[in-house]
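What the coordinates show
So the chains spell out like this:
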There are 2 protein chains.
Amino acid sequence: MTKPASVLPVTPSDIDQAAQVLAPFAVRTPLLSSPALDQRTGARVFLKPEMLQRTGSFKFRGAFNKLSSIPQADRSGGVVAFSSGNHAQGVAAAAQILNMRATIVMPADAPRSKRERTKGYGAEVVLYDRDREDREAIARGIAGQHGATLVPPYDDRKVIAGQGTVGREIAEDLAALGVTPDIVIAPASGGGLVAGVATAIKARYPQAMVMSAEPDGFDDHARSLRAGKREPHHAKGRTICDALMATVPGEITFAINQRLLAQGVTATDAEVAAAVAFVSRELKLVVEPGGAVGLAALLAGHVDARGKTVVIVLSGGNVDADMYAKLIA
Amino acid sequence: MTKPASVLPVTPSDIDQAAQVLAPFAVRTPLLSSPALDQRTGARVFLKPEMLQRTGSFKFRGAFNKLSSIPQADRSGGVVAFSSGNHAQGVAAAAQILNMRATIVMPADAPRSKRERTKGYGAEVVLYDRDREDREAIARGIAGQHGATLVPPYDDRKVIAGQGTVGREIAEDLAALGVTPDIVIAPASGGGLVAGVATAIKARYPQAMVMSAEPDGFDDHARSLRAGKREPHHAKGRTICDALMATVPGEITFAINQRLLAQGVTATDAEVAAAVAFVSRELKLVVEPGGAVGLAALLAGHVDARGKTVVIVLSGGNVDADMYAKLIA
């Protein structure tokens, strides 16, 4: 028997609290629609453009909610986080607002814009080799040395509740329009965003199907949801979705996602690139590859959406200008 | 003595009516804010992102309001318009919705994306040589031949009222936030957008300073506002702001703008290019050069904005992918 939603690790009430904490600092991103997209898909599509969020991705929400929960006595030690980029910026920006020291452990091959922007928020950046070093061990070492609090990228109740405010705003805006969603899709790496979104959406719209979206091959959520237990993906190489390369779903996130998600969908890098260009040309938004994977799955026809109301989370827009120029050309 | 606002050619009530006509078809674009932009300018800045509008620019609003006002008996003749691109798409999309035939007279050097998208909305496109042919004469010839209604790009009460819904939405959203604007800036070519915006803004916020923004050299509004009468600009060449090359303010638009605008501001092509890149990098929106000229003037320090509440209309996002790639590189 699956657990009732009321005993899951993150509740709708946790998300309500996060929304209060975030209100003065986070951008309340709008819910957008596009006649061109509706025409193309035959669905009624709404987009949640989290590239318009502070730091250019949803990650600020979870980071700020987490940092705000650190007891005053522990704040002088600062925070440490490991991240390929968006979580790094979220933690750095949250720490700057809360006057805390931040150290970020980033892979040496993370997009330059993400490294530079993280430094721009006043954080210290420590680089590591993605193939040969253990970022968690490096981060834990720094945490022990400075007495810093480790801010996990996804497997944390406060982080998940913060990301859940994305879903809460979607639900509020749909309710104001008198619209009921059939399908809600959010990108998944460790699964914190989609877990938070599912918690908020299912509380208001129990019939909605919430789906994780991943790059082809990096499909640990799709696999795990099918298997009913956490399974790693089998990808060996890279994907243009640099933000979505986690190997296995989080423990806390999967406890939620196993209960609330309908399925996982995937899209190839080519489909993602086409979606990035579509978003630029037709929607006039800058989305990073990882942020477009849900829309890519929709545009590629991997989701049966015709005649349905679909909400797609575009989770971020931090992409290097030269790569972006190539993607839209 | 200047005329009281109540006897101007377009009234706030005309804009209310246009809003009703547009409600089922136009996107109600959000009012965005960006902590990065506030930090950079020292102002509280709100952005009205009209690249998110149907057809990728505000022009759909005026075109749809105008076409909807054509008597049923005259609709079978269709419509004809001359435009460098955004008005063309607006008229074509409005005609498609209303099942009317549309012929668009476009300069042969208009951005390819604008030509192709105009055809994509089902319009017939007739090209002319910008330096040697008279587009108005060509359009009038087609109008006479087919019995088509000419849809002027700006110097028309219905068109101006439609563009005014941009200002009406800004005023509504600011009121909901409890914020009073000090400065509102909108790009100007023939002046229809800024005239409509000024009419709506000044009705609710009489103290707000509304300003037109133009490319350096193509400053017929700035000159005319200083002179107190319609004056042409003296530019001989081109600007990257292809949407803002009208030679002289419209008669109807200037009757409004002379009464309601505080001043005209300008920005160089280099400042505009920097603003386009800023909007991509920091705001994650695709803005075309002409759509960014107001923000360019703000970012370049040509507007005394520190400590003030400023609203900037980003009027469109229809830019060829290759030019855009160069601008953001």
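Residues numbered from 1 in each chain as written. Chains lettered and ligands numbered in written order. Predicted model: local features only at pLDDT ≥ 70, side-chain atom pairs only at ≥ 80, totals over all residues. Heavy atoms only, no water.

1. Regarding the relation of the copies chain B and chain A
Test applied: Only residues with pLDDT of at least 70 in both copies count here: their C-alpha atoms drive the least-squares fit that superposes the copies. Here a residue-residue contact requires only that any non-hydrogen atoms of the pair lie within 4.5 Å.
Mapping chain B onto chain A calls for a screw motion: a turn of 180° about the axis and a shift of 0.0 Å along it, with 0.0 Å RMSD after fitting. Both chain copies can therefore be described as sitting about a two-fold axis. Both copies share a contact surface, since 100% of the interface residues of chain B are interface residues in chain A too.

2. Quick look at the confidence of the model for chain A
For the record, the criterion: Each residue carries a pLDDT value, the predictor's own confidence for that position, ranging from 0 to 100.
Here chain A averages 94 in pLDDT, while 98% of its residues score no lower than 70. Interface confidence in the predicted complex, given as ipTM, is 0.90; pTM for the same model is 0.92.

3. Brief notes about the side chain of B:Asn318
Selection criterion: Here a strand is any run of E in DSSP of at least two residues, a helix any run of H or I of at least four, and the numbering for each starts at the N terminus. Each residue gets one of three labels from its accessible area relative to the maximum for its type: buried under 20%, exposed over 50%, partly exposed in between, using a 1.4 Å probe on protein chains only. Contacts described as polar in this section are N or O atom pairs within 3.5 Å, which, within protein, must combine one atom able to donate a hydrogen with one able to accept it, while residues neighboring in sequence count only if both atoms come from side chains.
Tracing the sequence through the fold places B:Asn318 in the loop between strand S10 (309-314) and helix H13 (321-328). Take B:Asn318: its relative accessible area is 1%, and that puts it in the buried class. Polar contacts involving the side chain of B:Asn318 include one to the main-chain carbonyl oxygen of B:Thr55, which spans 2.9 Å. Beyond its immediate stretch of four places on either side in the chain, B:Asn318 contacts A:Lys284, B:Thr55, B:Gly56, B:Ser57, B:Asn86, B:Gln89, B:Ser113, B:Lys114, B:Arg117 and B:Glu288.

4. Some points on the pairing of strand S3 (residues 79-82) of chain A
All names here are of chain A. Operational definition: Strand pairing follows a simple DSSP-based rule, namely that at least 2 bridges must link the two strands. Handedness of a crossover: with both strands directed away from the viewer, a clockwise path from the first strand across the helix to the second marks it as right-handed.
Taking every second residue as pointing to the same face, both faces of S3 are buried, with Val79 and Ala81 on one and Val80 and Phe82 on the other. Note: S3 against strand S4 (residues 102-107), four bridges, orientation parallel. Its bridge partner being in S4, Phe82 is matched across the sheet by Val105. After leaving S3, the chain enters helix H4 (residues 86-97) and then returns to the sheet as S4, a path that is right-handed. Relative to strand S6 (residues 149-150), S3 is paired through two bridges, and the arrangement is parallel. By the bridge assignment, Val79 is partnered in S6 with Thr149.

5. Quick look at the sheet that holds strand S10 (residues 309-314) of chain A
All names here are of chain A. To be explicit about the condition: Only C-alpha atoms enter the line fits that serve as axes; for helices the fit covers just the stretch in contact. Angles between N-to-C directions range over 0 to 180 degrees.
Within the open sheet, the six strands sit side by side as S1-S2-S10-S7-S8-S9. Their pairing is mixed. Edge positions in the open sheet fall to strand S1 (32-33) and strand S9 (261-267), since each of these has one partner strand only. In this structure, strand S2 (residues 44-49) lies alongside S10, joined through six bridges in parallel fashion. Looking at the pairing, Phe46 lines up with Val311 of S10. Strands strand S8 (209-215) and S9 of the sheet are contacted by helix H9 (residues 220-227), whose axis makes an angle of about 135° with S8.

6. Notes on the interface of chain B and chain A
Put simply, the rule is: Only one rule defines a salt bridge in this text: a Lys or Arg side-chain nitrogen within 4 Å of an Asp or Glu carboxyl oxygen. Polarity classes work like this: nonpolar for Ala, Val, Leu, Ile, Met, Phe, Trp, Tyr, Cys and Pro, charged for Asp, Glu, Lys and Arg, and polar for all others, with Gly in that last group.
Of the residues lining the interface, 23 residues belong to chain B; the matching set on chain A comes to 23 residues. There are two salt bridges connecting chain B and chain A. Those elements giving two or more residues to the side of chain B that touches chain A turn out to be strand S1 (32-33), helix H11 (269-283) and H13 of chain B. Looking at the side of chain B that touches chain A residue by residue, the class counts come to 13 nonpolar, five polar and five charged.

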